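Coordinate analysis (summary)
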Amino acid sequence: MCDSGHQQGAMKTATLVFYGVALGLLLVGLRELLSGFEENKCSMTYMFEYPEYRRVALPRHVTRLYPAYNLYLYGEGVYAQETRGLKLTGAPVLFLPGNAGSYKQARSLGSVALRKAETMEGSVHFNVFTVDFNEELVALYGGSLQRQTRFLHESIKAILRLYKHLKNPPHHVVLVGHSMGGVVARALFTLPRFNTSLVKLIITQASPHLAPVLALDPHLLDFYSAVRQKWVKEADKLRNITVLSIAGGYRDYQVRSGLTSLPCSSGDNNKLSLVATAVPRTWVSTDHLSIVWCKELVLATVRAFFDLVDPETKQFTANPMKKMAVLNHHFVRHPVRMVGDTDLTPTSFSDDPEAWSEVNTLRLVYNSPKEGQVKYFLFALSSRRRVYSHFYCRSSNLEMTAWVYGCTHKIGSTCVRAVDLSMTTELLPPYKVLVLDVNDLSSVSHLVVSASNINGRQFTVECEWQRQVSRTLSVSVPHVLSFGLSTSDVSINSSGLLHIIELQHFHQVYQAFRITVESQCKVDKDRSANVYRVKVPWFGEDSVPTVSVPSVTEVSGMLHTSRPDNTSCVLLHIHTAPNCHYKVSVRTSLPRMLGQILRFCGPMVPVYVAVTLLLACGGQLRSIQKTKRAVNVSKAVAGGLQLHKVNLPVFILHLLLSCGHVEDIWSTLGLPAADVLPASSPDTSFREDLPPVEEWPHLLSPLLYMFGAAVAYWGSSLLSLLVQVTSLLLAPLHRPSISRDCGTLRPWTQVLVTVCLAVTGRGCCGAVSVFAAFLLHFYRVLRLQMTERSLSHMLNLAPGKHRGAENGRVDGEQSNRSKVCNAPPLLLSESTLQEVRDDLQLHLCLSALFTLPVMLSAPSFIHWFRNLRYSCHLDPDPCSLYTVPLVIVYVMLININTSALTHSLLLPLTSGLALPAAVAAVVFSPLHLYRVVYFILLTVAPLALCCLL
């Protein structure tokens, strides 16, 4: 007996340690996901005058169909007064809020556009409209998305009607959508009567285009499927629709940047996806809300708007090439002028010989004086072509004007004819940079660098000849399983201004590194800032940190998207200071890797929570079948971690479904396709059905299973604690009970409650009925806890007397005390207490499992409650299919007990259903979380029948 107790204590300790470690790893990953990033560097946008939102009248049939929605015109001060009669002359822009978003979020865009219009010459200005979607939770409840799309269509038509009095009225509206607002904007084109000429440009901010963040109901997935199929099947018709998708970066933990990638073919040049950290003049990561008001990003958007206006019509251009040239100019590169714009002004230089200097050294460092002067530097190409491959030049003068030329005709020391080579200039935070390939300069004899500072502004110009092969180094990143114990180092003794490090084997999103750059210089003097740019060739997710020298800087070593092919690798561009030493160290970061796993595979954790609880209930039923006793709920949930029983069948099933003929047979039978997570590669997201998949999440399934089991274990422990505390608080309101039947319902009461909840679920909201049924069952658990406490107290007070009761010696007074809760006389004994404890552990296990349907249906309940003033019926209701059977099962299981189960003929079958249901949940639920409810119902429905058979 002592050895057995010692073994049980050791097993319990080992279980606590294991699940403690699992919970610790999960919390480390969550901390890294939620706060493992730089501070918010966005500047706030402020209103100079009090913002006003003028309601735009809509047709009566529209207001009747959509009573919760409204359309407003944003205004401030004098402009708000001038537009009181809605006599508008500007270019229309419509802002769409996202999940739980307010229409007032349009004030940042509207205010900046208004102020910039006041400072510019001409009559170009914008009318910023905004839609009130009643702050609906459309990211979690998809039933409103189609309704929002139809209202958006009516709003666009109403906006364009306001301009009918103009000679050249606008024919289309520019849409700016935040979060799910961007998805609704693209959904416009799925409407059967929508005229595609009404929208020519869509700009989305942190919008999950590729897939929903959480698929909690089928309506959300149906909506995404319709949008995806429309844009894929009719890609040629929609090719002229320009769409720009901007992601927030790592600060946005609600919508990861990979989901903002537009699913389109590689040949569609009118679709552009990027991250805010790569936007010129922005270079910051934004969270999900600050992307709307981040001044740096709002300014880039407003600048693009002004460049998109046709100077003749004062309205947005419909030319696709012009639109993409402007968007590339402001969001991808920031060259001297936009592609397609021709500078008709001939290049002219000063003929003063003192203004010209020929550079014969390999490097030029020039600091302009305070006095204004004209200055040009000549670099001869003839002697450099065979030795050097590139010419690198940077200037701290950030005016985006022509500054580097190719001389085609030279007289003496003066160039008289030249071509502008500045078009490929790239803007970095401290300076502008130009890199020229010498092989492309065959028609040029000299390079001319203009360093004139006519306005007296001081700046620095640094140029040099480079052999890029000698400046490019390769380093293999450590393996992800090195856990930071190994480091890949590379040292650079800088003799130039640019070095490139190729990070080999760094191409998957689950990889995460700490890249440290340590710089040291021999001479301490004022140097230009260093830029460490992480360049990802296959997606616009570059990060551009700027640091001083000397310093020790940590650069982000994570990816938003995986590499689609084997043709490129991540590059680290180090814009260095000469005569300095740089050491680059790459080390695997376990916390960041856990954060990346949760960022991309987080939706699978709730599935594994359900799997653990399903197997826990199955184990509980098997224990009752074999020993006629229920085990402790913590022990049952701990036994729910069965990797070999779940992952092996899942792998085999996925392997079978990957075979063509098996997949055909499977689809012929009408069975659902297997689920895995959306692809993390932008180029592989172009498919007609569900988003494409990758296999690496399957390799992480043991870790995800461990996370889910940890949540289930500690969640069930928290539920047990909650039951104990709540039962103590409610105990004074109830008479002491020693009957195991307290909290049960009589047969006629069961029927009445079931009918009422079913009618409520079908007539109002299914989530309300599910929640009410859960509370009824939870009350049964509370009464069992009270009974268990009462019995334990009585047995502790009079142990001898109650032991005598086991032999039948029970006096009349004790028998009368047992007549509570309408229960028959009961022998008060240790066996009675054990029976109550068995019932309590069984119902605790069921209650933990029943919590999942309540949580999954919570968004529907919230949406219904917030819209009660408009309608008491939720339409559509994602819970409608399972509300009635789930309510029946909940109510029937209120009366179940372990004694009845031991005599049931269905118990062996019921206990064996948990494992198939768990395997099916892993296979079919990662992209359809709502299916978890059906697998729970598949397991507990036969258990409810055990009450009858």
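Residues numbered from 1 in each chain as written. Predicted model: local features only at pLDDT ≥ 70, side-chain atom pairs only at ≥ 80, totals over all residues. Heavy atoms only, no water.

Take the side chain of Ser519 next. Inspection of the secondary structure puts Ser519 in strand β22 (residues 513-521). Ser519 sits in the buried class, given a relative accessible area of 2%. (Helix = DSSP H or I, 4+ residues; strand = E, 2+ residues; numbered from the N terminus. Buried < 20%, exposed > 50% of the residue type's maximum accessible area, 1.4 Å probe, protein only.)

What follows deals with the state of the cysteines. Enumeration over the complete set of coordinates arrives at 4 disulfides. The disulfide partner of Cys42 is Cys294, and the S-S distance across this bridge is 2.2 Å. The S-S bond linking Cys42 to Cys294 shows a torsion near -90°; that makes this disulfide left-handed. One end of the pair, Cys42, is in the loop between α1 (2-35) and β1 (51-55); the other, Cys294, is in the loop between α8 (290-293) and α9 (295-308), with 252 residues separating them in the sequence. Judged by relative accessible area, which is 12%, Cys42 ranks as buried. The partner cysteine of Cys407 in its disulfide is Cys415, sulfur to sulfur 2.3 Å. (Disulfide = S-S within 2.5 Å.)

Now for the sheet that holds strand β14 (residues 414-420). Reading across the sheet, the 5 strands line up as β9-β11-β17-β13-β14 and stay open at both edges, with mixed pairing between neighbours. Here the strands that pair on one side only, and so sit at the sheet edges, are β9 (356-359) and β14. Adjacent strand axes in the sheet meet at a mean angle of 35°, parallel and antiparallel pairs treated alike. Relative to β14, strand β13 (residues 404-411) is paired through 6 bridges, and the arrangement is antiparallel. For Cys407, the partnering residue across the bridge sits in β14 and is Ala418. (Pairing = 2+ DSSP bridges. Axes fitted to C-alpha atoms, helices over the stretch in contact; angles between N-to-C directions.)

Next up on the list: the sheet that holds strand β27 (residues 580-588). Strand order in this open sheet of 4 strands is β20-β27-β22-β25, and the pairing throughout is antiparallel. Of all the strands in the sheet, the pair left with one neighbour each is β20 (487-494) and β25 (551-557). For this sheet, the mean inter-axis angle between neighbouring strands, taken without regard to orientation, is 20°. Relative to β25, β22 runs antiparallel, the two being bridged by 7 bridges. Counterpart to Phe513 in the pairing with β25 is Gly557. Set on the sheet, helix α11 (residues 590-601) makes contact with β22, β25 and β27; between it and β25 the angle comes to about 30°. (Contact = heavy atoms within 4.5 Å.)

Turning our attention to the environment of Pro603. Mapped onto the elements of the fold, Pro603 is located in the loop between α11 and α12 (604-627). What makes Pro603 buried here is its relative accessible area of 17%. The sequence separation of Pro603 and Gln724 amounts to 121 residues, and the corresponding C-alpha distance is 31 Å.

The next thing to look at is empty space enclosed by the protein. One pass over the structure, following the stated rule, counts 10 cavities of 30 Å³ or more. Lining the largest cavity we find 13 residues, and of these Trp231, Pro263, Cys264, Asp268 and Lys271 sit closest to its centre. Its residues assigned to classes, the lining of the largest cavity comprises 8 nonpolar, 1 polar and 4 charged. (1 Å grid on protein atoms, 1.4 Å probe; cavity = no way out; pocket = protein on both sides within 12 Å on 5 of 7 lines; lining within 4 Å. Points joined across faces, edges and corners; volume = space filled by probe spheres on them. Nonpolar A, V, L, I, M, F, W, Y, C, P; charged D, E, K, R; others polar.)

Here we take up the packing of α12 against helix α27 (residues 914-924). Direction vectors running N to C along α12 and α27 enclose 175°, while the axes themselves pass 9 Å from each other. Judged on the interaxial angle alone, α27 and α12 are roughly antiparallel. Contacts between α12 and α27 involve Val607, Tyr608, Val611, Leu614, Leu615 and Gly618 on the former and, on the latter, Ala914, Leu915, Ala917, Ala918, Ala921 and Val922. For the contact of α12 with α27, the class distribution of residues is 11 nonpolar, 1 polar and no charged. (Parallel < 35°, antiparallel > 145°, perpendicular 65-115°, else oblique.)

An α-helix turns once per 3.6 residues; consequently, residues spaced three or four apart project the same way. Of all 11 residues in α27, 9 are buried; the element is thus mostly enclosed. For α27, every residue scored as buried is listed here: Ala914, Ala917, Ala918, Val919, Ala920, Ala921, Val922, Val923 and Phe924.

So, on to the packing of helix α14 (residues 643-657) against helix α17 (residues 701-730). One can describe the packing of α14 onto α17 by two numbers: an axis separation of 11 Å at closest approach and a directional angle of 135°. With respect to α17, the axis of α14 lies oblique. Crossing angle aside, the handedness with which α14 passes α17 is right-handed. Each of Leu643, Val646 and Asn647 in α14 lies in contact with α17, whose residues at this interface are Ser701, Pro702 and Tyr705. Among the residues forming the contact of α14 with α17, the class breakdown is 4 nonpolar, 2 polar and no charged. (Left-handed = near helix turned anticlockwise from the far one by under 90°.)

Tallied over the full model, the rule gives 23 salt bridges. Between Glu234 and Lys230 there is a salt bridge, and its shortest N-O distance comes to 2.8 Å. What emerges from the salt-bridge pattern is a single network uniting Arg333, Glu426, Arg533, Lys535 and Asp542. (Salt bridge = Lys/Arg side-chain N within 4 Å of Asp/Glu carboxyl O.)

Attention now goes to the layout of surface pockets. Taken as a whole, the largest pocket holds about 1400 Å³ of empty space. Leu214, Gly602, Pro603, Pro606 and Leu929 are, among the 50 residues lining the largest pocket, the residues nearest its centre. When contributions to the lining of the largest pocket are tallied by element, the ones reaching two or more residues are α1, α11, α12, α17 and α22 (830-856). The dominant element in the lining of the largest pocket, judged by the number of residues it contributes, is α17, at 6 residues. By residue class, the composition of the lining of the largest pocket is 40 nonpolar, 8 polar and 2 charged. Of the volumes computed, that of the second largest pocket is approximately 1100 Å³. Along its surface, the second largest pocket is lined by 45 residues, and Val332, Lys535, Val536, Pro537 and Gly540 are the ones closest to its centre. Considering each element in turn, the lining of the second largest pocket owes the most residues, 4 residues, to strand β8 (residues 271-275).

Using the criterion set out here, one finds 34 aromatic pairs in the structure. The interplanar angle of 70° and the centroid separation of 6.5 Å between the aromatic rings of Phe133 and Phe151 together place this pair among those described as edge-to-face. Of the two residues, Phe133 is situated in the loop between β4 (126-132) and α5 (145-161) and Phe151 in helix α5; the sequence distance between them amounts to 18 residues. Of the residues examined, Phe151 reaches a relative accessible area of 1% and is grouped as buried. Through a chain of ring-to-ring contacts, three or more aromatic side chains come together here, namely Phe18, Tyr19, Tyr713 and Trp714. (Phe/Tyr/Trp six-rings, centres within 6.5 Å; stacked < 30°, edge-to-face > 60°.)

Taken over all residues, the pLDDT of the protein has a mean of 86, while the share at 70 or more is 92%. Counting interchain partners and residues more than four positions distant, the pLDDT-below-50 stretch residues 684-693 has 32 contacts. Every residue in residues 800-827 scores below 50 in pLDDT, and together they form 39 contacts with partners more than four places removed in sequence or on other chains. (pLDDT = per-residue confidence, 0-100.)

As a further point, take the nonpolar core. Of all hydrophobic cores here, the largest spans 140 residues; its most connected members are Ile501, Leu503, Leu893 and Leu901. Top contributing element to this core by residue count: α12, with 14 residues. If sequence neighbours within four positions are ignored, Leu901 has contacts with Leu621, Ile624, Leu842, Ile896, Leu907, Leu943 and Cys946. Membership of the second largest hydrophobic core comes to 52 residues, among which are Ala68, Ile156, Leu220 and Trp231. (Core = buried A, V, L, I, M, F, W, Y, C linked by side-chain atoms within 4.5 Å.)

Moving on, we get to the pairing of β27. Within a regular beta strand, the side chains point alternately toward one face of the sheet and then the other, so they alternate between its two faces. Relative to β27, β20 runs antiparallel, the two being bridged by 8 bridges. Bridging from a neighbouring strand, Asn493 pairs with His581 of β27. With 9 bridges joining them, β22 and β27 adopt antiparallel strand pairing. Paired with Arg514 across the bridge in β27 is Arg587.

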